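Remarks on the overall topology
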Amino acid sequence: MLRSKNPLILAFCSVVLALALFQFSENTADPDLWGHIIFGQHHLKTGVLAQTEPYSWTAEGHPWINHEVLSEAALGAVHFWGGGSGVLLLKIFVGLLAFWIALRVGAQGLQWPLRAVAWAFGAIAVVEISFGFAARPQIFTALAMVVQLWLLRRVHAGKTSWSWLLPVFFVLWINTHGGALAGIVLLWLTTVATTLHFLVCEKEKLSPWLDQSVTVKIVRSLWIASFLSTGALFLNPWGPGLVEWLIGSVLWLRPEIAEWNPTTLTWEHGTFFIVAFLTVFSFLFSKQKRSLWEMAFCGALMVLAFRSVRHTPLFCLAALALAPRHLADIVTRFSSSLPGGISKEAGVQKAGAVMLFLLAGAILVATVRLHKENPFTIEVPRKQYPVAAVQFIQKHALKGNLLVFFDWGEMALWELPECPPSIDGRLDTCYPRPLISEHWKFFNGQPVDPNILNLEKADLALLPSALAGAFTLKGMPGWEAVYVDDLAVVLVRGKDRFPTLAESKGPWMADDAAITGRVPFPEQNPRWPVK
């Protein structure tokens, strides 16, 4: 894609790639990262895949459908060999690879300078794409989706033998992340759309470069691939149970979790709306051949993106792969009405190239220095995670059943292995939904059903200090706050039961340093301490 020797073009591409690296190198730890590494390293070291929940005190023995086995194995392996730096490099690599594949598909058939349309589109889209690229299993679904698009493009170009890779591909995908369910829906949507296009449109409008026998072969191969790929979803440790659970989980509304809520027009997701507008504009006004399956694929992801924030990166990847060709056609037709243009004088182009190379360098410097204290590893911000509160619990050797905020549950699994949590980010993969609902009630300061969430069985609590449930718990008999900072509070039930706290009077009040700065992600998993 970078075969041009024009320094201005090389400089422009350097800026786009530097921006992509900047976006994908954001190194804040995801709330579930601790757990993914624990589970992945457990699989790798023992060769055993847990079928029931072994970590919590509220759901011990409950069936656990872990739909992220291969992705957790990958995260566990890179952490084992490279610590937080290995995890950061993995997520950057997956992000850049997904971006590159989408950009390559989007720029296919375009020559410079029109290819710049695809690169410019990518510079906008990557801002939203990177939103979904924390170190978490979802990044593998993003990569899988663009690989699926690439395969479908090849099949529609008449290379139908590539369709045989799709069932194998879905075996890997379903054991990596539950996003395979969306992938199979998109595959069926593509198959139906291609069939309708073949039946309704004239042959020359559908595929002017292919004869009818090849077009029939494309349709047939897609139907075969769709059936086989659907069957491939059942090739997982839980068989049909995993597919059934995934469908139920997708249909379960979770307004308490921000990324499952509808996408609203804000600065945070402004680039999504720009990409959505450009995509619709491109498909509407392009005079290039528009494939029904491409519009259906992109349109379905757009609907999902408006319905749920977590799908905006997937839509932007698909838009980057499918919209630039049509946008370039519009640019070509209307370029004559645009004022000026880039000067063809060598001196002007060299000056522009120098400025763009300097901009790329500045972006690379920002990649290392901006908002980071440990830029070459995953970081844990103290204002987001209860680092100081956890250190207090460790220092005073507090042990027992832990009542914990769900965003901090998997951090607790790692840092406090002798304090089984009440809940964590795995949610309905291993926790009964009634138990999850009772936790939301508790967090909101509402009465809970003791038959589902018995607070009398908890020994200590780690909660946000401003949480309504923390104030409610503090007012309950036997509960007392022993540590407080501006982010978190630690409470215990019966302080005299903890020898290290017996002599203390009142809670330890931490200063601003408790929530200031960022610490590197831990290198050693305490559950598997020897490397």
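Small disclaimer: the values here were computed from a predicted structure and weren't measured. (Residues numbered from 1 in each chain as written. Predicted model: local features only at pLDDT ≥ 70, side-chain atom pairs only at ≥ 80, totals over all residues. Heavy atoms only, no water.)

1. Things to note about the overall build of the chain
For the chain, the helix and strand inventory stands at 19 helices and 7 strands. Over its C-alpha atoms the chain spans a radius of gyration of 26 Å, differing by no more than 12% from the 24 Å that the globule rule assigns to 531 residues. Projected onto the principal axes, the alpha-carbon positions of the chain cover approximately 85 × 55 × 45 Å. Residue burial in the chain is summarised as follows: out of 531 residues, 54% are buried. (Helix = DSSP H or I, 4+ residues; strand = E, 2+ residues; numbered from the N terminus. Rg over C-alpha atoms; globule rule 2.2 N^0.38 Å. Buried < 20%, exposed > 50% of the residue type's maximum accessible area, 1.4 Å probe, protein only.)

2. A few points about the nonpolar core
Among the nonpolar cores identified, the biggest contains 159 residues, and Met-145, Phe-297, Phe-315 and Leu-463 are the most heavily contacted of them. It is helix 3 (residues 69-107) that provides the largest number of residues to this core, a total of 14 residues. Sequence-distant contacts of Met-145, that is, excluding residues within four places in its chain, are made with Trp-173, Leu-186, Phe-297, Leu-301, Leu-314, Leu-317 and Ala-318. (Core = buried A, V, L, I, M, F, W, Y, C linked by side-chain atoms within 4.5 Å. Contact = heavy atoms within 4.5 Å.)

3. A look at the confidence of the model for the chain
Summary statistics for the chain give a mean pLDDT of 91 and a share of 95% for residues scoring 70 or more. At the level of individual helices and strands, the chain shows its lowest average pLDDT in helix 8 (residues 203-206), which scores 47, and its highest in strand 2 (residues 402-404), which scores 98. Predicted confidence for residues 203-209 stays below pLDDT 50, and this span has 11 contacts to residues more than four positions away or in other chains. (pLDDT = per-residue confidence, 0-100.)

4. Some points on helix 1 (residues 7-24)
Between its first and last C-alpha atoms helix 1 spans 25 Å; for 18 residues at 1.5 Å apiece the expected length is 26 Å, and the two agree. Taken together, the buried positions of helix 1 are Leu-8, Ile-9, Ala-11, Cys-13, Val-15, Val-16, Ala-18, Leu-19, Ala-20, Gln-23 and Phe-24. Its side-chain oxygen at 2.8 Å from the backbone nitrogen of Leu-8, Asn-6 defines the N-terminal cap of helix 1. (Expected span 1.5 Å × (residues − 1). Polar contact = N/O pair within 3.5 Å; in protein donor to acceptor, adjacent residues only side chain to side chain.)

5. Digging into the state of the cysteines
One pass over the structure, following the stated rule, counts 0 disulfides. Note on Cys-419: no disulfide assigned, nearest cysteine sulfur contributed by Cys-430 at a separation of 18 Å. (Disulfide = S-S within 2.5 Å.)

6. Side note on the sheet that holds strand 6 (residues 508-509)
The strand order 2-3-5-4-6 describes an open sheet built from 5 strands, whose pairing is mixed. Looking at strand neighbours, the two that pair on one side only are strand 2 and strand 6, the edges of this open sheet. Its contacts with the sheet place helix 16 (residues 387-395) against strand 3 (460-464), strand 4 (479-484), strand 5 (488-493) and strand 6, and it is angled at close to 115° to strand 4. (Pairing = 2+ DSSP bridges. Axes fitted to C-alpha atoms, helices over the stretch in contact; angles between N-to-C directions.)

7. Here we look at the packing of helix 4 (residues 115-129) against helix 13 (residues 312-322)
Where helix 4 contacts helix 13, the axes come no closer than 9 Å and their chain directions differ by 170°. If you check the angle between helix 4 and helix 13, you find them roughly antiparallel. Side by side, helix 4 and helix 13 meet where Ala-118, Phe-121, Gly-122, Ala-125, Glu-128 and Ile-129 of the first sit next to Thr-312, Pro-313, Cys-316, Leu-317, Ala-319 and Leu-320 of the second. In terms of residue class, the contact of helix 4 with helix 13 is made up of 9 nonpolar, 2 polar and 1 charged. (Parallel < 35°, antiparallel > 145°, perpendicular 65-115°, else oblique. Nonpolar A, V, L, I, M, F, W, Y, C, P; charged D, E, K, R; others polar.)

8. Concerning the environment of Gly-35
Along the polypeptide, Gly-35 turns up in helix 2 (residues 33-46). Residues Gly-35 and Leu-501, spaced 466 residues apart in sequence, show a C-alpha to C-alpha distance of 29 Å.

9. Considerations on the pattern of salt bridges
Applying the stated criterion across every chain, the model contains 16 salt bridges. One salt bridge connects Glu-294 with Arg-153, and the closest N-O pair in it is separated by 2.8 Å. Of the two residues, Glu-294 sits in helix 12 (residues 292-307) while Arg-153 sits in helix 5 (residues 138-156), which places them 141 residues apart along the sequence. Accessibility classification places Glu-294 together with Arg-153 in one group, the buried group. Close ionic contact of Asp-459 with Arg-497 constitutes a salt bridge, the shortest N to O distance being 2.6 Å. With Asp-459 in the loop between helix 18 (433-443) and strand 3 and Arg-497 in the loop between strand 5 and strand 6, the pair connects residues that are 38 residues apart, well separated along the chain. (Salt bridge = Lys/Arg side-chain N within 4 Å of Asp/Glu carboxyl O.)

10. Some details on the environment of Ile-452
Note on placement: Ile-452 falls in the loop between helix 18 and strand 3. Judged by relative accessible area, Ile-452 falls into the partly exposed class, the value being 32%. When sequence neighbours within four positions are dropped, the list of residues in contact with Ile-452 reads Pro-434, Leu-435 and Glu-438.

11. A word on helix 6 (residues 165-174)
In an α-helix there are 3.6 residues to a turn, and that puts residues three or four apart on one side. By the burial criterion, the buried members of helix 6 are Leu-166, Pro-167, Phe-169, Phe-170, Trp-173 and Ile-174. Down the axis of helix 6, the buried side of the element spans an arc of 155°, and every buried residue falls inside it. (Arc of directions from axis to C-beta.)

12. Comments concerning the packing of aromatic side chains
For the structure shown, the criterion picks out 31 aromatic pairs. Ring centres 5.2 Å apart and planes at 65° place the aromatic pair Phe-405 and Phe-443 in the edge-to-face group. You can see Phe-405 sitting in the loop between strand 2 and helix 17 (409-415) and its partner Phe-443 sitting in helix 18, a full 38 residues away along the chain. As far as the burial class goes, Phe-405 and Phe-443 line up, both buried. (Phe/Tyr/Trp six-rings, centres within 6.5 Å; stacked < 30°, edge-to-face > 60°.)

13. Structural notes on the pairing of strand 3
For strand 3, the tally of buried residues reaches 5 of 5 residues, placing the bulk of the element in the interior. Two elements, strand 3 and strand 5, share 5 bridges in a ladder whose sense is antiparallel. Counterpart to Pro-464 in the pairing with strand 5 is Ala-488.

14. A closer look at the pairing of strand 5
Across the 6 residues of strand 5, 6 count as buried, placing the element largely inside the fold. Side-chain alternation along strand 5 places Ala-488, Val-490 and Val-492 on one buried face and Val-489, Leu-491 and Arg-493 on a second face that is also buried. Linking strand 4 to strand 5, which pair antiparallel, is a turn of 3 residues.

15. Observations concerning a nonpolar patch on the surface
Where nonpolar side chains cluster on the molecular surface, the patch consists of Val-192, Leu-196, Leu-199, Val-200, Leu-292 and Met-295 and spans about 520 Å² of accessible area. Where the nonpolar patch is concerned, the elements lending two or more residues are helix 7 (180-200) and helix 12. Along the polypeptide, Leu-196 turns up in helix 7. Using a relative accessible area of 44% as the deciding quantity, one classes Leu-196 as partly exposed. (Patch = residues over 30% accessible without salt bridge, like charges linked within 9 Å, V, L, I, M, F, W, Y side chains within 5 Å. Areas by Shrake-Rupley, 256 points an atom, 1.4 Å probe, with all protein chains shown as cover.)

16. A few points about the side chain of Asn-525
With respect to the secondary-structure elements, Asn-525 resides in the segment after strand 7 (518-520). At a separation of 2.9 Å, a polar atom in the side chain of Asn-525 contacts the side chain of Gln-41. Asn-525 has contacts with Ile-38, Gln-41, His-79 and Trp-414, leaving out every residue within four places of it along the chain.

17. Describing the packing of helix 3 against helix 13
Following both chains from N to C, one finds helix 3 and helix 13 inclined at 35°, their axes separated by 6 Å at the closest point. Counted together, Ala-98, Phe-99, Ala-102, Leu-103, Val-105 and Gly-106 of helix 3 and Leu-317, Leu-320 and Ala-321 of helix 13 form the full contact between these two elements. Across the contact of helix 3 with helix 13, the residue classes tally to 8 nonpolar, 1 polar and no charged.

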